[in-house]
Structures are given as C-alpha cells and as structure tokens.
Amino acid sequence: MLAIPKSEYLFKTTSSLGDTASFGLDFGEIYKRSVVGVRVHGVPESEKQAVAAFMKRINDDYHARARNTEYHDREVKYDYLRLNCAKTIGSAFRYGAGYAELDIASAGLLSGRPLVAAANSNIPTEMAMKLLEQWNLRGYRLDAVLYKKFPGSTYVDTSEEPKVRSRIYPIASRLCYLAISATNRMSTRSGQPVRDVPPLQPRPVRCSDQ
C-alpha cells in the first residue's frame, strides 16, 4: 500500500515511486484522462487513524507472506482479481474502521478458477459507490470534484486503441481545474432522498488553494 501525494498523482511528470512507475497511471493521471474525486468532510480522526493502521497491517502481512487472514483467503499479495485496490481499500474500512455492513466480494471456495474469480472480483467503481453509501449513512458531507483533462495533452497510452494524441500543457494544467461541489444526493436503501439539495454549481478553483 503506497501513499502518493495528490499533486503527484494528478499533475507530476516525474514519479517519486521509482523508474518503473507508469506515467498516466501511477503519476501524471490528468494527462491521460479526467478524474473525479470525492472529498469527505466530518470524518473522526480515530477513523482516519484506523484506516491508516490497517493499511500498514496489510503491508506487514505482505512482507510476512501471511495467509488466510480475515480479509483474504490466500497469501497476501497483489492479485488483479482476488486482492486488488478495491478489495484492499474496502478491507481497510470494513475491518480497520469498523464498517461491518460494507460488502466485499469474494470468490470463496472456487476462487482458484479464473472465471469464477473474475465474476466475484471487487470493481473499483462499485467499491467507491458502496463507500459513498456508507459515508452518507454516517452523515458525512461529500463534495464531488472534477479534475478535467486539458484538450491540449499529448499523452498517448500505447495499450489503448485507437492511439489518439492531443497536446500537453503541463504548467497550465497545474494552475486550475474545475471543482464541482455538491451536497451528497445519495438515497437510503428505501429509495427515498436523504435531503433536498440545489443543482450542481461549477466554479473555478486554483489548485494552489486546494
């Protein structure tokens, strides 16, 4: 588990992680695509510390080559289907911060079969929505922020098709982004809105202010 500064993850053209880091994935993400972030307000400090402590525990389990923990049924190491970013983050909130109702998918006894593992893997977008629901139930205020890719970026991901180029402006992209702030509009499980909120109101915000 690695903590990458937001400015590096979004805007940097060099990485502090090392030469094997992928531009447009591990750093410089804004040159590849637009990114939607969620800011969560009102989280108790004890909950933040619990999440961080559990992520440290995952690192310790990885180095110890631990197996069959409460959050993973085999050796603790990265697996695209069985122990990916979505599952580790979800585990930190469920087992670290006490989110007992947070659902984390598992392939169970048949997880050795790739097709079964794929069908029961944790998907990042789905885990994000599950966490949004949990934060809403706890009454935390949520802001959605769009870090918009500039049309001028020349970044090309050679693994994607078609390979479309557009121009990069690394300095301009760090000056500003479009922040869209809104009160969370999540609904309860009954389907009824939690509260009425005004429409989203875009406003320009300088990166240095955030």
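Residues numbered from 1 in each chain as written. Predicted model: local features only at pLDDT ≥ 70, side-chain atom pairs only at ≥ 80, totals over all residues. Heavy atoms only, no water.

Undergrad: What am I meant to see in the packing of helix H3 (residues 85-96) against helix H5 (residues 124-137) here?
TA: Helices that pack against each other are described as a pair by the angle of their axes relative to one another and the distance between those axes. Following both chains from N to C, one finds H3 and H5 inclined at 20 degrees, their axes separated by 9 Å at the closest point. With respect to H5, the element H3 is oriented roughly parallel. The hand of the H3/H5 crossing is left-handed. Note on element contacts: H5 touches H3 through Pro124, Met127, Leu131 and Trp135, opposite Cys85, Ala86, Ile89, Gly90 and Phe93. (Axes fitted to C-alpha atoms, helices over the stretch in contact; angles between N-to-C directions. Helix = DSSP H or I, 4+ residues; strand = E, 2+ residues; numbered from the N terminus. Parallel < 35°, antiparallel > 145°, perpendicular 65-115°, else oblique. Left-handed = near helix turned anticlockwise from the far one by under 90°. Contact = heavy atoms within 4.5 Å.)

Undergrad: Any chance you could explain unusual backbone geometry here in plain terms?
TA: Most of the time, phi is negative for any residue but glycine, and the peptide bond is trans. Residue Arg65 is not a glycine yet carries a positive backbone phi of 55 degrees. Assignment of secondary structure puts Arg65 in the loop between helix H2 (45-63) and H3. The exposed category is assigned to Arg65, whose relative accessible area is 58%. (Buried < 20%, exposed > 50% of the residue type's maximum accessible area, 1.4 Å probe, protein only.)

Undergrad: Just to check I follow, could you spell out the packing of aromatic side chains for this structure?
TA: The description of an aromatic ring pair rests on the distance of the ring centres and on the angle between the ring planes. Tallied over the entire structure, the rule returns six aromatic pairs. Where Phe23 meets Phe27, the ring centres are 5.3 Å apart and the plane angle is 55 degrees; that geometry is what we call tilted. Exposure remark for Phe23: the relative accessible area of 27% places this residue in the partly exposed category. Given a relative accessible area of 7%, Phe27 falls into the buried group. One aromatic cluster is present, formed by Phe23, Phe27 and Tyr31 through successive ring pairs. Across the ring face of Tyr99, the terminal group of Arg138 is positioned such that the distance to the ring centre comes to 3.6 Å. (Phe/Tyr/Trp six-rings, centres within 6.5 Å; stacked < 30°, edge-to-face > 60°. Lys NZ or Arg CZ within 6 Å of the ring centre and 35° of its normal.)

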